[in-house]
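Each chain, written out:
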Amino acid sequence: MVMDAGERDGDGEDGGWETVGEDNGTKSPADLVNEMVTMIEYVARFGDYRRAQKKECYNLVRRLKIFLLFFDEVRHLGSPISPNGVACLSKLKKAIRLATKLLKTCNEGSKIYLALESEAIMIKFHTVYVKLTQALEELPFDELQVSEEVREQIQLMLTQLTRAKKRTDTQDIELAVDLMAVSSETDERNADIAIVERLAKKLDLHTVEDLKIETIAVRKLAKERGSTSESTQKIRRLLNKFKQFLGMEITNILDCPSTPEMSGKSQSLVIPHEFLCPITLEIMRDPVIIASGQTFERESIQKWFDSKHRTCPKTRQALAHLSVAPNYALKNLIAQWCEKNNFHLPKKEDEASSKRLFVDHEDEIACLVKELSSDQLEVQRKAVKNIRLLSKENPEARVLIAKSGAIPRLVHLLCYPDSKIQEHAVTALLNLSIDESNKRLITDEGAIPAIIEVLQSGSTETRENSAAALFSLSMLNENKVTIGLENGIPPLVDLLQNGTVRSKRDAVTALFGLSLNHLNKVRAIEAGIVPPLLELLEDKNQGMVDEALSIFLLLATVAEGRQAIGQLSFIQTLVNFIKDGTPKNKECATSVLLELSSNNSSHVLAALQFGVYEHLVEITRSGTNRAQRKANALLQLMSKCEQIP
């Protein structure tokens, strides 16, 4: 068979499998077998797979390798194969080709895309399992004179494929929630350096080289799916956040013809707008964060405050206090960008204003940890605040602080009567818990009951960060149980009901993670979670509709939840979001309605009466991938009902 060079992928090192798998007329049994062997040998050379699909990929490759024994026996078959046998081999080849394409995507596709579309990719795996199963069940083993040993291997594979089709692996909830937070266009904290850092680590996008490779993958994806589609835009925004984190230049990926590396030609330098002070519009040398969460040049914002202003210059909101905190993360990004682009910052008039809190040496961190136990209140306050700042900005510092014995002392300070010490201590524990090994250390020190106590009685910011800390610790499944048993859900529901917008976001995130546990769903319902969730649906300006609907979806999986939310008014609310919501709103609302309707046909009738049918049909045409699947499933459910219009 002659291959056209244009049909090869990349530089030709793929072994020609792209063309080998195509059906170009009638093939001999020997050709079919050789092509299938080529495809399997090709995927066997893949070194690794994207994190979200790694387990599934390795399992599939292991099963495909079993075919090599089967093909070896077919190759040595002495008698000719019937047309039916050839047709069966051809069907098997199509299934293996489908598997090869999927594995190739998981090997070299965009890591961000594969994380965002993990559910859709899982459905593709299930499709491969179905195709392989159908092909195997039709193979004429007697005619092909397959040995008993190989038949047993094939039969075992069939059993595994059947089991795999039924399996629905638990998704990485921390990854899902982080993606939701960083992708949000309404949450001002969506670029929180700790979340971006955690995502970069999970997706293996924490080096410049990683991001260069990801840029190529995203560019290819954008050309295939369209650069203006909503999903492509979201992927590009996330890619840019990772680039900002590493201080890389943000460029239009479609403008770069081959690689994302800088061109050797001289280009006009554009300072990223995030690096400019909103007051002076000059690049910041000493960025600081004020109470509104906005960042300014220290000297500029101090002049603003000195002029008797008590509002944020950017948002115009009244400030709770005039304290400022150094934005070390942004300062590091600016420094990296300046070094990369040979840009020299203007010299500072007052070097003392640039004094940093960051501690570089182990003995100095040990000194801070020791000061946590000081009998002087101001010394303790300063030490716990510095540890909070250090643990926020630097991954290595988190490890070093924990090794220096800070965690037991921080947990002890949670019970301290001083509100600022409480706030700094719980926030430091939150920051330290970003490191996976620290989660266990914090839990073992009995921090959960103390954090719940602070959540119940602390200041507004302390309660916010307590909720975030509980969410972080709940990534360990046993902690979901512990938090529920320690009565941690009621104060989270209270925060969701009565807190600030930021407090509510922290609470809803924590409650979502905790509600993955069956008993916690019931506890949340008993604690009164439904009314504040409904308020989030009514007040869209708070920007938490998708989060509320996601929790409703979890609650709808238990009888108590269906009873609590299965009212006509709620069904009408879902239909309204299906009709007029954002694409993500429609996806979430359709999922909730499907879960409710699968357990109670009266919900189907109610939704039909509210006019949902035509909107579901529209979603099957133009909704997100997940929304289309849910809408189709709901329409199939409705097709069994005589009341369909």
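Our structure's up above, just so we're on the same page.
Keep in mind it's a predicted model, so treat the numbers as computed, not measured.

Trainee: Give a description of the overall build of the protein that names residues and reports values.
Mentor: A tally of regular secondary structure across the protein gives 33 helices and 3 strands. Here the protein, with 645 residues, has 49% of them falling under the buried criterion. Considering only residue pairs separated by 6 or more positions, the protein has 69% of its internal contacts joining residues 24 or more positions apart. About 30,900 Å² of surface is accessible on the protein, with carbon and sulfur atoms providing 49% of the total.

Trainee: An account of the nonpolar core is requested, with residue identities and associated values reported.
Mentor: Counting 93 residues, the largest nonpolar core has Leu 410, Ile 529, Leu 533 and Phe 552 as the members making the most contacts within it. Within the second largest apolar cluster, 68 residues are counted, among which are Cys 57, Ile 81, Val 86 and Leu 203.

Trainee: Go over the packing of aromatic side chains with me, naming the residues and quoting the values.
Mentor: Applying the stated criterion across every chain yields a total of 6 aromatic pairs. Between Phe 125 and Tyr 129, the aromatic rings sit 6.3 Å apart at their centres with planes inclined by 40°, giving tilted as the arrangement. In this pair, Phe 125 and Tyr 129 both sit in helix H6 (residues 118-138), 4 residues apart, roughly one turn of the helix. Assigned by exposure class, Phe 125 and Tyr 129 land together as buried. Ring geometry for Phe 275 versus Trp 337: centroids 5.9 Å apart, planes at 70°, classification edge-to-face. Remark: Trp 337 occurs in helix H13 (residues 328-341) and Phe 275 occurs in the loop between helix H11 (230-246) and strand E1 (287-289); sequence separation between them is 62 residues. Classification of Phe 275 by relative accessible area gives buried; the value is 7%. By the ring-pair criterion, three or more aromatic residues cluster together here, those being Phe 67, Phe 70, Phe 71 and Phe 141. Taking NZ or CZ as reference, Arg 63 lies 5.9 Å from the ring centre of Tyr 129, over its face.

Trainee: Could you give an account of unusual backbone geometry, naming the residues involved and the relevant values?
Mentor: Phi angles above zero are rare outside glycine, and Gln 145 is one such case at about 55°. Note on placement: Gln 145 falls in the loop between H6 and helix H7 (148-166). On the basis of relative accessible area, Gln 145 is assigned to the exposed category, the value being 52%.

Trainee: Could you give an account of the environment of Gly 488, naming the residues involved and the relevant values?
Mentor: In this structure, Gly 488 sits in the loop between helix H22 (477-485) and helix H23 (489-498). When the C-alpha atoms of Gly 488 and Leu 470 are compared, they prove to be 8.6 Å apart, with 18 residues separating the residues in sequence. When near neighbours in sequence (up to four residues on either side) are disregarded, Gly 488 contacts Ile 452, Leu 455 and Ile 483.

Trainee: If you had to explain the packing of H6 against helix H33 (residues 625-639) to someone new, which residues and values would you point to?
Mentor: At a minimum axis distance of 9 Å, the contact between H6 and H33 shows a crossing angle of 60°. What the angle tells us is that H6 and H33 run oblique. When you trace H6 past H33, the crossing you get is left-handed. Facing H6, whose interface residues are Glu 119, Ala 120 and Ile 123, H33 presents Arg 626, Arg 629 and Lys 630. Classifying every residue of the contact of H6 with H33 by side-chain character gives 2 nonpolar, no polar and 4 charged.

What counts and how
Residues numbered from 1 in each chain as written. Predicted model: local features only at pLDDT ≥ 70, side-chain atom pairs only at ≥ 80, totals over all residues. Heavy atoms only, no water. Helix = DSSP H or I, 4+ residues; strand = E, 2+ residues; numbered from the N terminus. Buried < 20%, exposed > 50% of the residue type's maximum accessible area, 1.4 Å probe, protein only. Contact = heavy atoms within 4.5 Å. Areas by Shrake-Rupley, 256 points an atom, 1.4 Å probe, with all protein chains shown as cover. Core = buried A, V, L, I, M, F, W, Y, C linked by side-chain atoms within 4.5 Å. Phe/Tyr/Trp six-rings, centres within 6.5 Å; stacked < 30°, edge-to-face > 60°. Lys NZ or Arg CZ within 6 Å of the ring centre and 35° of its normal. Axes fitted to C-alpha atoms, helices over the stretch in contact; angles between N-to-C directions. Parallel < 35°, antiparallel > 145°, perpendicular 65-115°, else oblique. Left-handed = near helix turned anticlockwise from the far one by under 90°. Nonpolar A, V, L, I, M, F, W, Y, C, P; charged D, E, K, R; others polar.

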